[in-house]
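What follows is the residue order along each chain.
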Amino acid sequence: MIEGYENDQLIETIYRKTVAFRPEGDWPLVANLKAVLDFGGGAGIHYKLARQQSPGIRWAVVETPAMVRRASELATDQLKFFDDIQKAANWLGSIDLMHSNGAIQYVDDALETVEALCAARPARMVWYRVPIGDVARAEVQTSLLSNNGPGQLAADTDKLVKYERHWIPEGAFVAAHNGYQLSESGPDPRERGSQQFTFVRSTD
């Protein structure tokens, strides 16, 4: 059993799978963008796809300190890793997009984190796979090690990974986006019971 996202074996698995992964296809969301803050972006998997769409894009991944230490080996002039939202924002400067896919539910205080991301003032915020419930509650979630990170894991044995996952009330989640307007929302087909949201910055 592996517990938590700071586990060395889990991080190494995600790192190695990201290095080996070869993305295919277009990603219209990032077309013509210059700077993206990717909250919970692992070892940079989303950047690998984004740079095919927009080769000159600058990409800041915000992750756990352990993931940042490991993934920093992949850093370039266009891709950097940070364990602090403000430091990522400072490096990017003007932010076209805050992107997050299935990450906010694993932080200790989701709403406080949303507020910190809003304070970075990205032009648009796109959330995927957000678990939305009637009330705030936490649960223990398990997955197979081989299911973490992109692609397939070549290994003789597999392990269970356990971590805490938080369900977030929709009203509180939307209200935490101070200075933003909700432009789109709906069920996310990627994960049962989750929602996807798009917010745009209010006129300054």
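Scroll up to find the structure.
The sections below set out a description of the structure shown in this document. These numbers were taken from a predicted model, which means no experiment stands behind them.

1. Points about the pattern of salt bridges
If the charged atoms of two oppositely charged side chains come close together, the side chains can form a pair. Inspection of the entire model under this criterion finds 9 salt bridges. A salt bridge links Arg70 to Glu12, with the shortest nitrogen-to-oxygen separation between them at 2.6 Å. Of this pair, Arg70 sits in helix H3 (residues 65–71) while Glu12 sits in helix H1 (residues 8–20), placing them 58 residues apart in sequence. Owing to a relative accessible area of 22%, Glu12 belongs among the partly exposed residues under this scheme. Residues joined in a network through salt bridges with shared partners are Arg129, Arg137, Glu139, Arg165 and Glu191.

2. Looking at unusual backbone geometry
Even without being a glycine, Asn32 presents a positive backbone phi close to 70°. For Asn32, a relative accessible area of 75% corresponds to the exposed category. Within the chain, Arg121 stands out as a residue other than glycine whose phi angle is a positive 60°. Here Arg121 falls in the partly exposed class, since its relative accessible area comes to 30%.

3. Re a nonpolar patch on the surface
Side chains of Met1, Leu144 and Leu160 sit close together on the surface and give an oily, nonpolar patch of about 280 Å² of accessible area. In this fold, Leu144 is placed in strand S7 (residues 137–144). The exposure class assigned to Leu144 is partly exposed, which follows from its relative accessible area of 36%.

4. Concerning H1
The first and last C-alpha atoms of H1 sit 18 Å apart over 13 residues, in line with the 18 Å expected at 1.5 Å per residue. Those residues of H1 that sit buried are Leu10, Ile11, Thr13, Ile14, Tyr15, Lys17 and Thr18. The inward-facing, buried residues of H1 contact strand S1 (2–3), helix H2 (45–53), H3 and strand S8 (160–169). Structurally, the start of H1 carries an N-cap: the backbone nitrogen of Gln9 is 2.9 Å from a side-chain oxygen of Asn7.

5. Focus: the side chain of His177
Along the polypeptide, His177 turns up in the loop between helix H6 (170–175) and strand S9 (180–187). Judged by relative accessible area, His177 falls into the buried class, the value being 3%. At 2.9 Å, the side chain of His177 and the side chain of Trp127 are in polar contact. Once you skip the residues sitting within four places of it in the chain, His177 turns out to touch Val114, Cys118, Met125, Trp127 and Phe199.

6. Considerations on a negative patch on the surface
On the surface, Asp108, Asp109, Glu112, Glu115 and Glu164 cluster together into a negatively charged patch. Tracing the backbone through its elements, the reader meets Glu115 in helix H5 (residues 110–119). Looking at Glu115, the relative accessible area reads 44%, which means it is partly exposed.

7. Some details on the environment of Leu182
As for its placement among the helices and strands, Leu182 is situated in strand S9. Separated by 82 residues in the primary sequence, Leu182 and Ser100 have C-alpha atoms spaced 16 Å apart. Sequence-distant contacts of Leu182, defined by excluding residues within four places in its chain, comprise Val174, Phe197, Thr198 and Phe199.

8. Section: H5
For H5, the complete set of buried residues consists of Ala110, Thr113, Val114, Leu117 and Cys118. Down the axis of H5, the buried set is contained in an arc of 140°. They therefore lie on one face. With respect to the buried face of H5, the exposed residues turned more than 90 degrees away are Glu112 and Ala119. Of the residues flanking the start of H5, the one acting as N-cap is Asp109, its side-chain oxygen 3.4 Å from the backbone nitrogen of Leu111. Just downstream of H5 lies Arg121, where phi reads positive at about 60°.

Parameters and conventions
Residues numbered from 1 in each chain as written. Predicted model: local features only at pLDDT ≥ 70, side-chain atom pairs only at ≥ 80, totals over all residues. Heavy atoms only, no water. Salt bridge = Lys/Arg side-chain N within 4 Å of Asp/Glu carboxyl O. Helix = DSSP H or I, 4+ residues; strand = E, 2+ residues; numbered from the N terminus. Buried < 20%, exposed > 50% of the residue type's maximum accessible area, 1.4 Å probe, protein only. Patch = residues over 30% accessible without salt bridge, like charges linked within 9 Å, V, L, I, M, F, W, Y side chains within 5 Å. Areas by Shrake-Rupley, 256 points an atom, 1.4 Å probe, with all protein chains shown as cover. Expected span 1.5 Å × (residues − 1). Contact = heavy atoms within 4.5 Å. Polar contact = N/O pair within 3.5 Å; in protein donor to acceptor, adjacent residues only side chain to side chain. Lys, Arg positive; Asp, Glu negative; His and termini not counted. Charge placed at Lys NZ, Arg CZ, Asp CG, Glu CD. Arc of directions from axis to C-beta.

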